[in-house]
Amino acid sequence: MRHATMVNGDSPDGILAGAVVMGIDTKNISRRAVLGASALALGSWTVPALAKTKAGGTPDKWDVVVVGAGLSGLHAAELLEQQGLKVVVVEASDRVGGRLRTGRAEGYTAELGGSEVGPYYGRIRDACTRLNVGLTEDGAKSTPFVLDIGGKLILPQDWAGSDANHTEGKEREILPYLLQNRLFFDWLPFEDPAEWLNPDYFPHDVSAAEYMRARGVSEAAIRLADVDLNGPSLASVSAMSIFRDMARIKVEGYRDPTKPQYGAGNAVTRSYIVGGSDALPRAMAASIKGGVRLNSPVVAVEQAGDEVETRLANGKRLRSRFMVMAAPFSALRRIRFNPGLPLAQANAVFGAIYSATTQFHFRVLKPFWEADGLPPSIWTDRFFERGFVISNRAGDHGAFIVWLNGDGATRLHAMKPEDQLSFVMRELEESRPSMKGALQPLFNYSWEANPFVGGNKHCFAAGQVKMFAKDMALPHGRVHFSGEHLRRMEPGMESAMETAEIAALEILEKI
Ligand SMILES: Cc1cc2nc3c(=O)[nH]c(=O)nc-3n(C[C@H](O)[C@H](O)[C@H](O)COP(=O)(O)OP(=O)(O)OC[C@H]3O[C@@H](n4cnc5c(N)ncnc54)[C@H](O)[C@@H]3O)c2cc1C
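Thresholds, definitions, all that
Residues numbered from 1 in each chain as written. Predicted model: local features only at pLDDT ≥ 70, side-chain atom pairs only at ≥ 80, totals over all residues. Heavy atoms only, no water. Buried < 20%, exposed > 50% of the residue type's maximum accessible area, 1.4 Å probe, protein only. Helix = DSSP H or I, 4+ residues; strand = E, 2+ residues; numbered from the N terminus. Pairing = 2+ DSSP bridges. Phe/Tyr/Trp six-rings, centres within 6.5 Å; stacked < 30°, edge-to-face > 60°. Lys NZ or Arg CZ within 6 Å of the ring centre and 35° of its normal. Near = heavy atom within 4 Å. Polar contact = N/O pair within 3.5 Å; in protein donor to acceptor, adjacent residues only side chain to side chain. Areas by Shrake-Rupley, 256 points an atom, 1.4 Å probe, with all protein chains shown as cover. UniProt positions renumbered as here; feature names shortened; annotations may be inferred. Contact = heavy atoms within 4.5 Å. Axes fitted to C-alpha atoms, helices over the stretch in contact; angles between N-to-C directions. Left-handed = near helix turned anticlockwise from the far one by under 90°. Nonpolar A, V, L, I, M, F, W, Y, C, P; charged D, E, K, R; others polar. pLDDT = per-residue confidence, 0-100. Parallel < 35°, antiparallel > 145°, perpendicular 65-115°, else oblique. Salt bridge = Lys/Arg side-chain N within 4 Å of Asp/Glu carboxyl O. Lys, Arg positive; Asp, Glu negative; His and termini not counted.

Caption draft 1: Seen up close, the pairing of strand β18 (residues 357-364). The element β18 is largely enclosed, with a buried count of eight among its eight residues. Every second residue of β18 is oriented toward a common face, with Thr 357, Gln 359, His 361 and Arg 363 on one face and Thr 358, Phe 360, Phe 362 and Val 364 on the other, all of them buried. Across seven bridges, the pairing between β18 and strand β21 (residues 399-405) is antiparallel. Its bridge partner being in β21, Gln 359 is matched across the sheet by Trp 403. Looking at chain direction, β18 and strand β22 (residues 439-446) are connected through seven bridges and run antiparallel. What sits directly across from His 361, in β22, is Phe 443.

So, in structure tokens, the structure goes:
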């Protein structure tokens, strides 16, 4: 068996690894402990005044410094440059693209981050056209699933009558991987995806697990619905976070509340970026005249008078009239702001919860499903959660992708990196002995381990929509915010573009 190519997390640049902010070790910090207290502490935290700063030599002068070379930062930079402003992008890691990340090895292209371009992603589609980046509808082809629940392999058609099915009443008919979508789709309190910020709906801003209990959902169904949740856990995530996604999915034409990756027959056509998702941010970065400075983590942002000073980990300083801060809120915990962020924003930064995601990509060496006569893909309440056989990638027998979300990925993250792959492989072989010797590891990647991103997706914890959702995107002086975490209407990649547009317009209105 060959060793996997490890692409586990961008290496943190010296100063940022385990950075100490306000005397708190951010590596070991409990979010709950700082939520609330953080805002006051941030407000009183000070760094030397701009004029007295000696380190770093003469600072560069720009109209706008953009922090983060993900889709959002790059799009904001494009828009501002188009208006004649002098713009530079600074990026902490050694590459552009952020959560669009394509792994390439031995003829296999692995999408480790975003890949599906929705039918109404107008801004993404426009960027592809402008920059000559192709889109195709020829995506990864998934294959049918077998369930492994309570240590028992069960065909989907046998689930309702299975003695491993401890759900109750009508729930028994719903396949475990459809439970969350089907239940929340039926309870959707609004149709318009902009409505999630309407105070009339704040009563839905409670723990999703509590929401389900209050509607009589059994504990067994809640446990199963939690398995592959794209959020930390049903206990922590707000039901409103789920409704926001559902309302947007409905706009795309979903009427059958199922998940397309399970072959459930939704008619929505998705597109994929030709050559790998990261081709788009690379083309965007190449078009920015002011350039993108890689390996340049921002560690402090100071504002005085009509200037913003951006301090980098390497001691360099940039001065500008405005800033677009397009780093995720999880990464903002490592950046010092002077003056400190306003209360709502500081609470949003320190209270932000991100859904962890870890993937393992394998080449299938022999069709193990022919040996055991079961469907190729697997959905399980075991540790590894999901394994998809993708039939049209990585050679004759396809690729196999293990994908853990939320608490499952976080538990794995707690293990030593060198133990994670062997643990997952042991679990796979225990679940389906036919997998022994059938998989060649190619890539693994943990988004939680990436210190500049911290997870796959921002979610609201119970009560946070009401507490700060409306105010968390407001400009802080000359610093304007963008990124997926500040989405209003759009999901995923398109939300990064939507929020970049808002930040760019805010700045243009001030000039
Ligand atoms: C596994 C996975 C699957 C996904 N699937 C899809 C999908 O199919 N369809 C879809 O539409 N969306 C999908 N998404 C979501 C989509 O990829 C993201 O919403 C989008 O790429 C976010 O862009 P962004 O610019 O807001 O943030 P990011 O891409 O996270 O960019 C932020 C950038 O800021 C940088 N940064 C952080 N801190 C600093 C600092 N101190 N100084 C300088 N730079 C800093 C980071 O390194 C990063 O490059 C997926 C995401 C993941 C992880």
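Caption draft 2: Geometry of the packing of aromatic side chains. In this structure the tally under the stated criterion is 17 aromatic pairs. Through a chain of ring-to-ring contacts, three or more aromatic side chains come together here, namely Phe 145, Tyr 177, Trp 379 and Phe 388. We note Arg 215 situated over the ring of Trp 187; from NZ or CZ to the ring centre the distance is 5.7 Å. Lying across the ring of Tyr 211, Arg 215 places its NZ or CZ 3.7 Å from the centre.

Caption draft 3: Spatial organisation of the site of the ligand. If you check the shell around the ligand, you find 37 residues, and the closest are Glu 91, Arg 99, Glu 116, Tyr 121 and Glu 484. Within the backbone of Gly 492, an N or O atom sits 3.3 Å from an oxygen atom of the ligand. The fraction of the free accessible surface of the ligand (1,000 Å²) that becomes covered by protein chains is 94%. Mapped onto the shell around the ligand, the elements with two or more residues apiece are α3 (71-82) and α16 (492-510). No other element matches α16, which puts three residues into the shell around the ligand.

Caption draft 4: Structural detail: the UniProt feature "binding site: FAD" (unreviewed entry) in the chain. With numbering matched to this structure, UniProt assigns "binding site: FAD" (unreviewed entry) to Ser 72, Glu 91, Ala 92, Val 298 and Glu 484. Here Glu 91 shows up in the loop between β5 (87-90) and β6 (102-105). Exposure remark for Glu 91: the relative accessible area of 8% places this residue in the buried category. Excluding anything up to four places from it in sequence, Glu 91 contacts Gly 68, Ala 69, Gly 70, Val 292, Arg 293, Leu 294, Asn 295, Ser 296 and Pro 297. Polar contacts involving the side chain of Glu 91 include one to the side chain of Ser 93, which spans 2.8 Å.

Caption draft 5: Summary view of the packing of α3 against helix α9 (residues 279-287). Where α3 meets α9, the axes come as close as 10 Å, and the angle between the chain directions of the two elements is 30 degrees. The element α3 and its partner α9 pack so that their crossing is left-handed. Contacts between α3 and α9 involve Leu 71, Leu 74, His 75, Glu 78 and Glu 81 on the former and, on the latter, Leu 280, Pro 281, Met 284, Ala 285 and Ser 287. For the contact of α3 with α9, the class distribution of residues is six nonpolar, two polar and two charged.

Caption draft 6: Inspection of the confidence of the model for the chain at higher detail. Of all residues in the chain, 85% have pLDDT values of 70 or greater, and the mean over the chain is 85. Of the regions scoring below 50 in pLDDT, residues 1-56 engages in 114 contacts with residues more than four places distant in sequence or in other chains. In the model, residues 260-265 has pLDDT below 50 throughout and makes 14 contacts with residues more than four positions away in sequence or in other chains.

Caption draft 7: Structural view of the packing of α3 against α16. At a minimum axis separation of 8 Å, α3 and α16 run at an interaxial angle of 40 degrees. Of the possible angle classes, the one that applies to α3 and α16 is oblique. Crossing geometry of α3 relative to α16 is assigned as right-handed. Only Met 493, Ala 496, Met 497, Thr 499, Ala 500, Glu 501, Ala 504, Ile 507 and Leu 508 of α16 make contact with α3, whose side of the interface consists of Leu 71, Ser 72, His 75, Ala 76, Leu 79 and Leu 80. Among the residues making up the contact of α3 with α16, the classes are represented as 11 nonpolar, three polar and one charged.

Caption draft 8: A look at the pattern of salt bridges. In the structure shown here, the tally under the stated rule is 28 salt bridges. Between Arg 282 and Asp 278 there is a salt bridge, with its nearest N and O atoms 3.3 Å apart. With relative accessibility at 8%, the residue Asp 278 sits in the buried group. Across the pair Arg 382 and Glu 430 runs a salt bridge, and its minimum N-O distance is 3.2 Å.

Caption draft 9: Examining the side chain of Glu 385 more closely. With respect to the helices, strands and loops of the structure, Glu 385 is situated in the loop between β19 (377-380) and β20 (386-390). One buried charged residue, Glu 385, remains without a salt bridge, the closest side chain of opposite sign being Arg 386 at 5.1 Å. Other than its neighbours up to four places away in sequence, Glu 385 contacts Val 227, Asp 228, Ile 378, Trp 379, Thr 380, Trp 403, Leu 404, Asn 405 and Gly 408.

Caption draft 10: Just helix α5 (residues 179-187), in detail. Of all nine residues in α5, seven are buried; the element is thus mostly enclosed. Of the positions making up α5, those classed as buried are Leu 179, Gln 180, Asn 181, Leu 183, Phe 184, Phe 185 and Trp 187. Looking at the buried side of α5, the elements it contacts are α6 (208-214), α7 (219-226) and α8 (239-251).

Caption draft 11: Summary view of the pairing of strand β14 (residues 307-312). For β14, a buried count of six out of six residues is recorded, marking the element as mostly surrounded by other parts of the structure. The two faces of β14 match: Glu 307, Glu 309 and Arg 311 on one face and Val 308, Thr 310 and Leu 312 on the other face are all buried. Pairing geometry for strand β13 (residues 298-304) and β14, over six bridges, is antiparallel. By the bridge assignment, Ala 304 is partnered in β14 with Glu 307. Connecting the antiparallel pair β13 and β14 is a turn made up of two residues, with Gly 305 showing a positive phi of about 55 degrees. Alignment of β14 against strand β15 (residues 317-325), held across four bridges, turns out to be antiparallel. Among the inter-strand pairings, Glu 309 is bridged to a residue of β15, identified as Arg 319. The hairpin formed by β14 and β15 contains four residues between the paired strands, and Gly 315 there has a positive phi angle of roughly 90 degrees.

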